[in-house]
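# Examining the three-dimensional arrangement
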Amino acid sequence: MNISQDLYRTSLTLLTDLYQITMAYGYWKKGFAEKKAVFHGYFRKSPFKGGFALNAGLAYVIDFLNNFSFADDDIEYLGTITDAEGKPLFEADFLEYLRNLKFDLTIHAIEEGTIIFPNEPFIRVKGSLLQCQLIETALLNIINFQTLIATKAARLRIAAKDDQLLEFGLRRAQGIDGGISATRAAYIGGFNATSNVLAAKLLDIPVKGTHAHSWIMSYDDELQAFKAYADVMPSNCIFLVDTYNTLEGVKKAIIVGNSLKEKGYTMNGIRLDSGDLSYLSIEARKLLDAAGFTQASIVASNDLDEYLINSLKIEQNAKINVWGVGTKLVTSYDQPALGGVYKLSAIQNEKEEWQYKVKLSEQINKISTPGILQVRRFKNSNGKFNADMIFNQEDEISSNPILIDPNNGIRSKKIDKSKNYEDLLIPIFENGKLVYNSPSIHSIQLKTVKELSQLDDSIKRFYHPHEYPVGLESTLYNLKMNVIHQLKS
Ligand SMILES: Nc1ncnc2c1ncn2[C@@H]1O[C@H](COP(=O)(O)OP(=O)(O)OP(=O)(O)O)[C@@H](O)[C@H]1O
Ligand SMILES: O=P(O)(O)OC[C@H]1O[C@H](OP(=O)(O)OP(=O)(O)O)[C@H](O)[C@@H]1O
Ligand SMILES: O=C(O)c1cccnc1
Ligand SMILES: [Mg+2]
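Thresholds applied
Residues numbered from 1 in each chain as written. Chains lettered and ligands numbered in written order. Predicted model: local features only at pLDDT ≥ 70, side-chain atom pairs only at ≥ 80, totals over all residues. Heavy atoms only, no water. 1 Å grid on protein atoms, 1.4 Å probe; cavity = no way out; pocket = protein on both sides within 12 Å on 5 of 7 lines; lining within 4 Å. Points joined across faces, edges and corners; volume = space filled by probe spheres on them. Helix = DSSP H or I, 4+ residues; strand = E, 2+ residues; numbered from the N terminus. Axes fitted to C-alpha atoms, helices over the stretch in contact; angles between N-to-C directions. Left-handed = near helix turned anticlockwise from the far one by under 90°. Contact = heavy atoms within 4.5 Å. Nonpolar A, V, L, I, M, F, W, Y, C, P; charged D, E, K, R; others polar. UniProt positions renumbered as here; feature names shortened; annotations may be inferred. Near = heavy atom within 4 Å. Polar contact = N/O pair within 3.5 Å; in protein donor to acceptor, adjacent residues only side chain to side chain. Buried < 20%, exposed > 50% of the residue type's maximum accessible area, 1.4 Å probe, protein only. pLDDT = per-residue confidence, 0-100. Pairing = 2+ DSSP bridges. Parallel < 35°, antiparallel > 145°, perpendicular 65-115°, else oblique. Lys, Arg positive; Asp, Glu negative; His and termini not counted. Salt bridge = Lys/Arg side-chain N within 4 Å of Asp/Glu carboxyl O. Areas by Shrake-Rupley, 256 points an atom, 1.4 Å probe, with all protein chains shown as cover. Expected span 1.5 Å × (residues − 1).

### Details of the layout of surface pockets
- For the second largest pocket, the calculated volume is near 690 Å³.
- As for the second largest pocket, its lining consists of 27 residues, of which P118, N407, R411, E467 and Y468 are closest to the centre.
- Looking at the lining of the second largest pocket, the elements that each hand over two or more residues are β16 (402-404), β17 (412-414) and β21 (470-473).

Here it is, written out as C-alpha cells:
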C-alpha cells in the first residue's frame, strides 16, 4: 500500500463519522430522508482568548461538496460494516440509495478572509435532512482547522505590522494534510510566503527559504561555508549566522557580502535562530549598517509567536524585519482546536411549514438558535465594523432593529437606519449547483488585510479584547425564547 497515493486519490465522501451514515440510514428507513431541514455552522468562543476569528476553508468545502458522491468502492466498503451480531449494518437497498444519491443542497456561506465572531453562522445548509447530516463532519473538519490557523496567522500579522512573515511549519505540522492546509490558512491570514514546496505548488503560494545549520556544519569553517553558498546562489543569500558565535557569524557574512558586492550581487540578509533575538538583532544591525549593508534584512526564527514578536518589536526595539514562524502557528500551539459546531435549526413538517428547533443546555451559550439565519454586518460611515445582527430570513426586520445579546437578554443595542450594511451569508450552491466563483488565494489575502483595517484596535488586542457586539435581532430573540419555553413546558 502506498499511503500518500491511496489517501489522495480516493473519493472523500466517506470522510465522516459513522454515526452520520447510521442516522442517514435511520432517516431513510423511517421515510423522512428527504424532509427539508436547515443546519448552521458556527463557533461559540473566539480562539486564543481573542476578540475575533478569520474565516477560512470554504474553497475546500466547495471542492468536497462538488465531488460529493458515493463511489462504487465506498458502497462496497459500507456493505462490509457489521453490527454487534455480525450482520451487515446497512441493508442493500439503502446502499443503492446512497450509490444513486445526487448532491442537491442549497448552501450559503461567509467568504474566506472575512472576520467572524462567536455565534454567527459561517455556513447555512438547507435541503434533505439526510444530505445535511452526511456533510457535517467534513465541513467542520475543514473549517475548524483552517479558520483556527488563519486566525493565528492574522494575529501574527497584527503583531508583525508591515514586516515580512514566512511560514516555516511543515516539519512540525499535524501530518500531511495538516501541513498543507495550515500553509493555505497562514497565507490567507496574511503570511507572505511559505517554505512548504508542495503546498506552494498546489495552492499558488509564494515559496521562500534560507539555509540550515547543516550547510555550515558540513564545512570545516563557517566563512568557507558562506563563501560556498554565495558561489552557488549569489542572488539568494540570507546567511544563517548563529551556528557557533552569532556576532562573529555576522562579521563573516559581511566579508562574503563584500565579495558579492564586488561581483555585482547583493547580500539579502542574515538569519538569527537562537539566543537573545533582541540583543543580537540590534548588534547585528549596527555591524551591517557600519559595513554599508543598510538594506540587508534581519530574519529571525525560533519558537516565535504573536506575543514574542510583539514584545521584540514594541518593548525591545529589536531590529528584525522578517519573521520565520513554524511550530506555534501550524500546530496552533496555545489552542489546538476551534470548537465550531453544526446544529439543526429548522425542519419542515408534512405541510411543508418550517418548525424551528433548539438544542437546550444548562450553559446558556450552548443553547442553539432556531431559524433560517442570515448575518447582517452594520458599518460606520468610516467603514469600520459597528455591530453584527443575526436574524431569521423568514421574518420582517425593522429598519431600526434592536440587537439582543444571545447570552444575556438584558444587553441590547439599537441600530439606526442610516447605517450601511452587508449580508455576509452569500449563495454558494443552489440545489446542488455551484453558483459561486472562489476568488484566488491572493484576493482572499487582500480581503483579510482590508477586513483587519475595518476592525477596531480594541477588538484586535491580545489581552482582554473588547467584545464586538453580535446580537440576535429582537424578533429572532423572541422566537428563540418561545421555542425554549415550549420545550420546557
Ligand atoms: N529577546 C527575547 N525576548 C523574549 N524571548 C526571546 C528573546 N530572544 C529569544 N527569545 C525566545 O526565547 C527562547 C530561547 O530559546 P532557548 O533558551 O531554548 O535557547 P535557543 O536560543 O533556542 O538556543 P539553542 O538553539 O542554541 O539551544 C526561544 O523561544 C526564543 O524565541
Ligand atoms: O521554531 P519554529 O517556529 O518551529 O520555526 C522553524 C524552525 O525550524 C528550524 O529549525 P528546527 O526547529 O528544526 O531546529 P532547532 O530547534 O535546532 O532550531 C528553523 O531553524 C526554526 O528554528
Ligand atoms: O528556510 C528556512 O530558513 C527554514 C525553513 C523551514 C524551517 N526553518 C527554516
Ligand atoms: Mg527549533
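### Digging into the packing of helix α11 (residues 222-232) against helix α12 (residues 246-262)
- Close contact between α11 and α12 brings their axes to 9 Å; oriented N to C, the two are set at 35 degrees. As for the relative orientation of α11 and α12, their crossing is right-handed in sense. From α11, E222, L223, F226, K227 and A230 reach across to α12, where they touch G249, K252, A253, I255, V256 and L260.
- Looking at the contact of α11 with α12 residue by residue, the class counts come to 7 nonpolar, 1 polar and 3 charged.

### Some details on the UniProt feature "domain: Nicotinate/nicotinamide phosphoribosyltransferase" (unreviewed entry) in the protein
- The UniProt feature table records "domain: Nicotinate/nicotinamide phosphoribosyltransferase" (unreviewed entry) at residues 165-357.
- Helix makes up 43% of residues 165-357 and strand 16%, and the two end C-alpha atoms of the span are 45 Å apart.

### Examining the site of ligand 1
- The local shell around ligand 1 consists of S274, G275, D276, L277, S278, N302, D303, L308, L312 and Q316.
- A distance of 2.6 Å separates an oxygen atom of ligand 1 from a polar backbone atom of N302.
- Looking at the shell around ligand 1, the elements that each hand over two or more residues are α13 (277-290) and α14 (306-315).
- Within the shell around ligand 1, the residues separate by chemical class into 3 nonpolar, 5 polar and 2 charged.

### Observations regarding the environment of G324
- With respect to the helices and strands, G324 occurs in strand β11 (residues 322-325).
- A relative accessible area of 4% places G324 in the buried class.
- Sequence spacing of G324 and F191 is 133 residues, and the spatial spacing of their C-alpha atoms is 9.8 Å.

### A word on empty space enclosed by the protein
- All told, the structure shown has 1 cavity of 30 Å³ or more when counted by the stated rule.
- The space that makes up the largest cavity amounts to roughly 150 Å³.
- Contributing to the lining of the largest cavity are 17 residues, with Y42, N119, S368, T369 and L373 lying nearest its centre.
- Ranked by the residues each element gives to the lining of the largest cavity, the list is headed by strand β12 (residues 341-348), at 3 residues.
- Residue classes in the lining of the largest cavity are distributed as 8 nonpolar, 7 polar and 2 charged.

### Regarding the confidence of the model for the protein
- With 98% of its residues at a pLDDT of 70 or more, the protein shows a mean pLDDT of 97.
- For this predicted complex, the interface confidence reaches an ipTM of 0.96, while the overall pTM sits at 0.97.

### Some remarks on the sheet that holds β11
- Strand order in this open sheet of 6 strands is β7-β6-β11-β10-β9-β8, and the pairing throughout is parallel. Looking along the sheet, the strands with just one partner apiece sit at the ends: β7 (193-194) and β8 (238-240).
- In terms of strand pairing, strand β9 (residues 269-272) meets strand β10 (residues 297-300) through 4 bridges, oriented parallel. Residue pairing across strands places I270 opposite I298, the latter belonging to β10.

### A word on the packing of helix α3 (residues 58-66) against helix α7 (residues 136-160)
- Interhelical geometry of α3 versus α7 gives an angle of 160 degrees and a closest axis separation of 9 Å. It follows that α3 is roughly antiparallel to α7 by the angle criterion. The handedness of the crossing between α3 and α7 is right-handed. Facing Y60, V61 and F64 of α3, the residues of α7 in contact are A138, L139, I142, I143 and Q146.
- When the residues that make up the contact of α3 with α7 are grouped by side-chain class, the tally is 7 nonpolar, 1 polar and no charged.

### Observations concerning the side chain of R124
- With respect to the helices and strands, the residue R124 is situated in strand β5 (residues 123-128).
- An unpaired buried charge is present at R124: no salt bridge exists, and E394, the closest side chain of opposite charge, is 7.6 Å distant.
- Separated by 3.5 Å, the side chains of R124 and Q393 make a polar contact.
- Setting aside residues no more than four positions away along its own chain, R124 makes contact with V38, F39, H40, T106, I107, H108, I372, L373, Q374, Q393 and L425.

### Looking at the site of ligand 3
- Taken together, the neighbourhood of ligand 3 is formed by F168, R171, S195, G209, T210 and R271.
- T210 places a side-chain nitrogen or oxygen 2.5 Å from an oxygen atom of ligand 3.
- R271 places a side-chain nitrogen or oxygen 3.3 Å from an oxygen atom of ligand 3.
- Contact with the protein chains hides 81% of the accessible area of ligand 3, taken as 260 Å² for the molecule alone.
- Partitioning the shell around ligand 3 into residue classes produces 1 nonpolar, 3 polar and 2 charged.

### Brief notes about the pattern of salt bridges
- In total, this model carries 23 salt bridges according to the counting rule given.
- Put simply, E91 and K29 hold a salt bridge, and the shortest N to O gap is 2.5 Å. Residue E91 is located in the loop between α4 (72-78) and α5 (92-99), and its partner K29 is located in helix α2 (residues 18-29); the two are separated by 62 residues in the primary sequence.
- A salt bridge links E467 to R411, with the nearest nitrogen and oxygen atoms 3.8 Å apart. Of this pair, E467 sits in the loop between α17 (457-460) and β21 while R411 sits in the loop between β16 and β17; the two residues are 56 residues apart in sequence, bridging distant segments of the chain.
- Looking at E467, the relative accessible area reads 55%, which means it is exposed.
- Owing to a relative accessible area of 42%, R411 belongs among the partly exposed residues under this scheme.
- Through salt bridges with shared partners, a single ionic network connects E120, R377, D388, K447 and E451.

### Digging into α12
- Along its 17 residues, α12 runs 24 Å from first to last C-alpha, staying within 8% of the 24 Å computed at 1.5 Å per residue.
- Buried within α12 we find T246, L247, G249, V250, A253, I254, V256, G257 and L260.
- Contact partners of the buried residues in α12: α11, β8, β9 and α13.
- With a side-chain oxygen positioned 3.2 Å from the backbone nitrogen of L247, the residue opening α12 is N245.
- Backbone geometry just downstream of α12 places G264 in the positive-phi region, at approximately 90 degrees.

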